[in-house]
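Each chain, letter by letter, is given below.
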Amino acid sequence: MKKALITGITGQDGSYLAELLLSKGYEVHGVIRRSSSFNTERIDHIYKDPHEKPNLKLLYGDLNDSSSLAEILHSVKPDEIYNLGAQSHVRVSFDIPEYTGEITGMGTLRVLEAIRRTGCKARFYQASSSEMFGKVAETPQTEKTPFYPRSPYGAAKVFSYWMTVNYRESYDIFACNGILFNHESPRRGETFVTRKITRAATRIKLGLQSKLYLGNLDARRDWGYAGDFVEAMWLMLQADKPDDYVVATGETHSIREFLDESFGLLDLDWRKYVEVDPKYFRPAEVDLLLGDSAKIRKKLKWKPKVAFKQLVKMMVNNDLDLAKKEKAIKEFTTNRH
């Protein structure tokens, strides 16, 4: 049985990747930070399933702590390592740039160094990001497009990208970068713009919220489905040779289009509810990201399955269920009093 180690297993991508690997018969080990609360919400349906749990193990560790990473590699001896852990919110990275550099940048180096020092033979996947392209030099962006990050997050990811390449070339480690463009799902964090929109739209529909405040409505992104994108991660580590790949849908849509689609599914006109708030603008904006994933489609036979409209509908349906539950609890509480 193959063993996989996932940092960031409690995040959106980590939860989908854990499901995928368990379905393929892996023993999955997830690294979680020790904190006062047990933040496993996205993987509870697997972790608390008596049939799945024997193959899913959670370990305490931290990308800020080299010794814990080395100890985990020594005890688990994984065949594959997926480094998904990061401070992953672009806007927030401007508020906490040092922490973002420490976890998103140096955290990757600590994992790579732990692989080198322990002599671990695991194949390594680094979660790189389209935010590395930032102020884009060309459209669409490919594996050869120069990086020009426009945020502390993007800059930290560029550092991680090149350290992954450096360790691959210097120490003969099977290490890959997946340059993933935006990918969303019902498990996306509620502070990210897509989930913020679908959550607000459904709450507005049910009278639980009156306004939605957003930043730049003209930003355009290449949005895919997280469940499709984790399959690309896995495929990279099954290849004959390590390489770097852009993972994207090849379509771009604006925030306005996302609003049109999500509010439209609920028969609402978003213009009546959405207000632009300058505090949500980034100090340096990234206006357009559009990926060319021809390389991974050709070499690894990957392609996205869920289209933009399907993705938005999936998220709206999920959040409508949440809003209905929220409303029912609110009405129950009100009636009791």
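Structure shown above.
Residues numbered from 1 in each chain as written. Predicted model: local features only at pLDDT ≥ 70, side-chain atom pairs only at ≥ 80, totals over all residues. Heavy atoms only, no water.

Explanation requested: the overall build of the protein chain in the structure shown.
If you tally the helices and strands in the protein chain, you get 11 helices and 13 strands. A compact globule built from 337 residues would reach a C-alpha radius of gyration of about 20 Å, and the protein chain, at 20 Å, matches this within 12%. Burial statistics for the protein chain: of 337 residues in total, 54% are counted as buried. When contacts within the protein chain are restricted to residue pairs at least 6 apart in sequence, long-range pairs at least 24 apart make up 80% of them. Accessible area for the protein chain stands at about 15800 Å²; split by element, carbon and sulfur atoms hold 50% of it. Looking at the protein chain, you have 51 positive and 45 negative side-chain charges, and the mean spots of the two groups are 1 Å apart. (Helix = DSSP H or I, 4+ residues; strand = E, 2+ residues; numbered from the N terminus. Rg over C-alpha atoms; globule rule 2.2 N^0.38 Å. Buried < 20%, exposed > 50% of the residue type's maximum accessible area, 1.4 Å probe, protein only. Contact = heavy atoms within 4.5 Å. Areas by Shrake-Rupley, 256 points an atom, 1.4 Å probe, with all protein chains shown as cover. Lys, Arg positive; Asp, Glu negative; His and termini not counted. Charge placed at Lys NZ, Arg CZ, Asp CG, Glu CD.)

Please explain the layout of surface pockets as it appears in this structure.
Counted as a void, the second largest pocket has a volume near 210 Å³. Looking at the lining of the second largest pocket, its residues break down into six nonpolar, one polar and four charged. (1 Å grid on protein atoms, 1.4 Å probe; cavity = no way out; pocket = protein on both sides within 12 Å on 5 of 7 lines; lining within 4 Å. Points joined across faces, edges and corners; volume = space filled by probe spheres on them. Nonpolar A, V, L, I, M, F, W, Y, C, P; charged D, E, K, R; others polar.)

Help me understand the environment of Lys-272 in this model?
When you line up the elements, Lys-272 lands in the loop between α9 (255-264) and β13 (274-276). Judged by its relative accessible area of 59%, Lys-272 is exposed.

Would you mind showing me how to read the pairing of strand β2 (residues 27-32) here?
Successive side chains on a regular strand alternate, one facing one side of the sheet and the next facing the other. Counting buried positions along β2 gives six out of six residues, so the element sits mostly inside the fold. The alternating pattern of β2 places Glu-27, His-29 and Val-31 on one face and Val-28, Gly-30 and Ile-32 on the opposite face, and all of these are buried. Relative to β2, strand β1 (residues 3-7) runs parallel, the two sharing five bridges. The residue bridging Lys-3 from the neighbouring strand is Glu-27, located in β2. Following the backbone out of β1, through helix α1 (residues 12-23) and into the adjacent parallel β2, one traces a crossover that is right-handed. Alignment of β2 against strand β3 (residues 56-60), held across five bridges, turns out to be parallel. In the sheet register, Ile-32 faces β3, and the bridge partner there is Tyr-60. (Pairing = 2+ DSSP bridges. Right-handed = clockwise from strand over helix to strand, strands pointing away.)

Where do I start with the pattern of salt bridges in this structure?
Pairing of side chains with opposite charge becomes possible as their charged atoms draw close. With the rule as written, the count across this model stands at 22 salt bridges. We note a salt bridge from Arg-91 to Asp-95, for which the minimum N-O separation is 3.5 Å. Of this pair, Arg-91 and Asp-95 both sit in helix α4 (residues 90-95), four residues apart, which is roughly one turn of that helix. The exposure class assigned to Asp-95 is exposed, which follows from its relative accessible area of 52%. Note that Arg-221 is salt-bridged to Glu-131, the shortest N-O span being 4.0 Å. Of this pair, Arg-221 sits in strand β9 (residues 220-221) while Glu-131 sits in the loop between β5 (123-129) and α6 (152-171), and the two are 90 residues apart along the sequence. Judged by relative accessible area, which is 5%, Glu-131 ranks as buried. (Salt bridge = Lys/Arg side-chain N within 4 Å of Asp/Glu carboxyl O.)

Would you explain the packing of aromatic side chains in this entry?
The geometry of an aromatic ring pair is captured by the separation of the ring centres together with the interplanar angle, meaning the angle of the planes. Counting across every chain of the model gives 13 aromatic pairs. Relative to Phe-258, the ring of Trp-223 lies with its centre 5.1 Å away and its plane at 65°, an arrangement referred to as edge-to-face. Of this pair, Trp-223 sits in the loop between β9 and β10 (224-225) while Phe-258 sits in helix α9; the two residues are 35 residues apart in sequence, bridging distant segments of the chain. Taken individually, Trp-223 and Phe-258 each receive the classification buried, so the pair is uniform in this respect. Among the aromatic residues, those joined into a cluster by ring pairs are Phe-133, Phe-147, Tyr-161, Trp-162 and Phe-181. The residue whose ring lies beneath Lys-24 is Trp-234, and the NZ or CZ to ring-centre distance is 4.0 Å. (Phe/Tyr/Trp six-rings, centres within 6.5 Å; stacked < 30°, edge-to-face > 60°. Lys NZ or Arg CZ within 6 Å of the ring centre and 35° of its normal.)

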